[in-house]
Amino acid sequence: MEKRMSLQACQLACMRGGRSLFHGLDFTLEAGDALRVSGANGSGKSSLLRLLCGLSFPSAGEVRWQGRDIRSAREEYGAALLYLGHANGVKDDLLAWENVVVASTLAGRPVSRSQACAALSALGLGPQAHLPTLALSQGQRKRVALARLHLQQEARLWILDEPFAALDTATIAALTLTLERHLAQGGALVYTTHQPVALRAPRARTLDLSMEAAC
Ligand SMILES: Nc1ncnc2c1ncn2[C@@H]1O[C@H](COP(=O)(O)OP(=O)(O)OP(=O)(O)O)[C@@H](O)[C@H]1O
């Protein structure tokens, strides 16, 4: 993995429903950095992650990838980014393995059926790979979404909204190791969680949006 990377939030501000969620937000992430975005319900965590991905636009400021505004570096940024939203993005009417194939294709990194099934098996979902996603539990649906982490490791920047939600203890431990390995290999990570998860990463830090709103 190429070592040089830079994601910058420059004086970012976000308004939602006529309310200012945060403003003047500045931070930089480089290879090996993990940023946990914390804060109360409604403080703007998911909104910030969507801004960082370019899925919505800030009311002020900009997001830069390798020094360029992500709006003018779409292709390069898209190739480096893996985003998992809070709602998992899994479709009920697809089989579990089909969801992995479709999500990977939409992200511009197609995988085969056998690769999708192997990733699901690695997450303990071998027997469920051929079931309709509708038939899976919430934790199993989350694991279907997380399968992409095992398939798209060339994506250097992972932005994950509530990746630990609904997971059992063993799967939380396994996901923690996957994230730590990504960071050790020179990736970067932005994530949210309401759970007390401790990443063993030398360059892990927290941005508390509840504190930002108070400023
Ligand atoms: N499209 C929208 N229109 C109006 N208000 C919105 C919109 N999207 C988000 N909001 C509001 O912005 C605020 C922040 O929402 P957001 O989902 O970013 O919070 P969060 O910190 O991720 O919350 P949670 O911990 O509950 O997941 C909420 O009050 C929400 O109602």
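Labelled according to an unreviewed UniProt entry, the protein appears under the name Cytochrome c biogenesis heme-transporting ATPase CcmA, originating from Duganella alba.

K.L.:
Could you give me a rundown of the sheet that holds strand 9 (residues 204-208), with the residues and numbers involved?
P.N.:
Here we have 5 strands laid out as an open sheet, ordered 6-7-8-3-9, and parallel in their pairing. The open sheet terminates on both sides in strands that have one partner only, identified here as strand 6 (81-84) and strand 9. Each adjacent strand pair in this sheet contributes to an overall mean axis angle of 15 degrees, direction not counted. Pairing geometry for strand 3 (residues 34-38) and strand 8 (residues 188-192), over 4 bridges, is parallel. When the bridges of strand 8 are listed, Arg36 appears paired with Tyr191.

K.L.:
An account of the sheet that holds strand 1 (residues 6-16) is needed here, citing residue identities and associated values.
P.N.:
Spatially, the 4 strands line up as an open sheet ordered 2-1-4-5, and their pairing is antiparallel. Looking at strand neighbours, the two that pair on one side only are strand 2 (19-30) and strand 5 (68-69), the edges of this open sheet. The pairing of strand 1 with strand 4 (residues 60-65) spans 5 bridges and is classified as antiparallel. Considered in strand 4, the bridge of Gln8 is made with Arg64. Contacting strand 1, strand 2 and strand 4, helix 1 (residues 45-53) runs over the sheet at an angle of about 130 degrees to strand 1.

K.L.:
Lay out the site of the ligand with the relevant residues and their values.
P.N.:
Residues in close proximity to the ligand include Arg16, Gly17, Leu21, Gly39, Asn41, Gly42, Ser43, Gly44, Lys45, Ser46 and Ser47, which together make up its full environment. Among the elements that take part in the shell around the ligand, helix 1 stands out by supplying 3 residues, more than any other. Of the residues that constitute the shell around the ligand, the class distribution is 1 nonpolar, 8 polar and 2 charged.

K.L.:
Can you lay out the environment of Arg200 for me, pointing to particular residues and giving the numbers?
P.N.:
Structurally, Arg200 is set in the loop between strand 8 and strand 9. Judged by the 11 C-beta atoms lying within 10 Å of it, Arg200 falls in the exposed class. Sequence separation between Arg200 and Glu180 is 20 residues, and the spatial gap between their C-alpha atoms is 6.5 Å.

K.L.:
Break down the pairing of strand 8 for me, citing the residues and quoting the values.
P.N.:
The buried fraction of strand 8 amounts to 5 of the 5 residues, a majority that puts the element mostly inside the structure. Side chains Ala188, Val190 and Thr192 project from strand 8 onto one buried face, and the interleaved Leu189 and Tyr191 project onto a second face that is buried too. Sheet analysis places strand 7 (residues 157-161) next to strand 8, joined by 5 bridges and oriented parallel. By the bridge assignment for strand 8, Leu157 is matched with Ala188.

K.L.:
How would you sum up unusual backbone geometry? Please name residues and give values.
P.N.:
Note: most residues except glycine have negative phi, and most peptide bonds are trans. Phi angles above zero are rare outside glycine, and Gln11 is one such case at about 50 degrees. If you check the backbone angles, Ala166 has positive phi at about 75 degrees while not being a glycine. With respect to the helices and strands, the residue Ala166 is situated in the loop between strand 7 and helix 6 (169-184). The class for Ala166 is partly exposed, based on 14 C-beta atoms found within 10 Å.

K.L.:
Which residues make up the pairing of strand 4, and what values do they have?
P.N.:
With 2 bridges joining them, strand 4 and strand 5 adopt antiparallel strand pairing. Its bridge partner being in strand 5, Arg64 is matched across the sheet by Asp69. What sits between the antiparallel neighbours strand 4 and strand 5 is a turn of 2 residues, in which Gln66 has the positive phi angle 55 degrees.

K.L.:
How would you sum up the nonpolar core? Please name residues and give values.
P.N.:
Ranked by internal contacts, the top residues of the largest apolar core, which has 61 residues, are Val100, Leu120 and Ile159. Contacts of Leu120, omitting those with residues within four sequence positions, involve Ala96, Trp97, Val100, Leu125, Gly126, Ala129, Val144 and Ala147.

K.L.:
Tell me about the environment of Gly42, and please be specific about residues and values.
P.N.:
Its location among the elements puts Gly42 in the loop between strand 3 and helix 1. Between the C-alpha atoms of Gly42 and Ser210, which are 168 residues apart in sequence, the distance is 9.3 Å.

Each value, and the rule that gives it
The numbers attached to residues start from 1 for each chain and follow its sequence in the written order. Given that this is a predicted model, residues contribute local features only at a pLDDT of at least 70 and side-chain atom pairs are listed and counted only at 80 or more, while totals for whole chains, interfaces and linings are drawn from all residues. We call two strands paired when DSSP finds no fewer than two bridges between them. Runs of H or I in DSSP of at least four residues are treated as helices and runs of E of at least two as strands, each being numbered from the N terminus. Here an axis means a line fitted to C-alpha atoms, over the contact stretch when the element is a helix, while the angle between two N-to-C directions is reported on a 0 to 180 degree scale. The contact criterion used here is simple: two residues whose C-beta atoms, placed from the backbone, lie within 7 Å are in contact. Only the C-beta atom matters for this test: placed from the backbone, it must lie within 6 Å of a molecule or strand for the residue to be near it. Charged residues are taken to be Asp, Glu, Lys and Arg, nonpolar residues to be Ala, Val, Leu, Ile, Met, Phe, Trp, Tyr, Cys and Pro, and polar residues to be all remaining types, Gly included. Buried, partly exposed and exposed are defined by the number of other C-beta atoms within 10 Å of a residue's own C-beta, namely 20 or more, between the two limits, and 12 or fewer respectively, with C-beta atoms placed from the backbone. Throughout this description, the term nonpolar core refers to a group of buried Ala, Val, Leu, Ile, Met, Phe, Trp, Tyr and Cys residues whose C-beta atoms join them within 7 Å.

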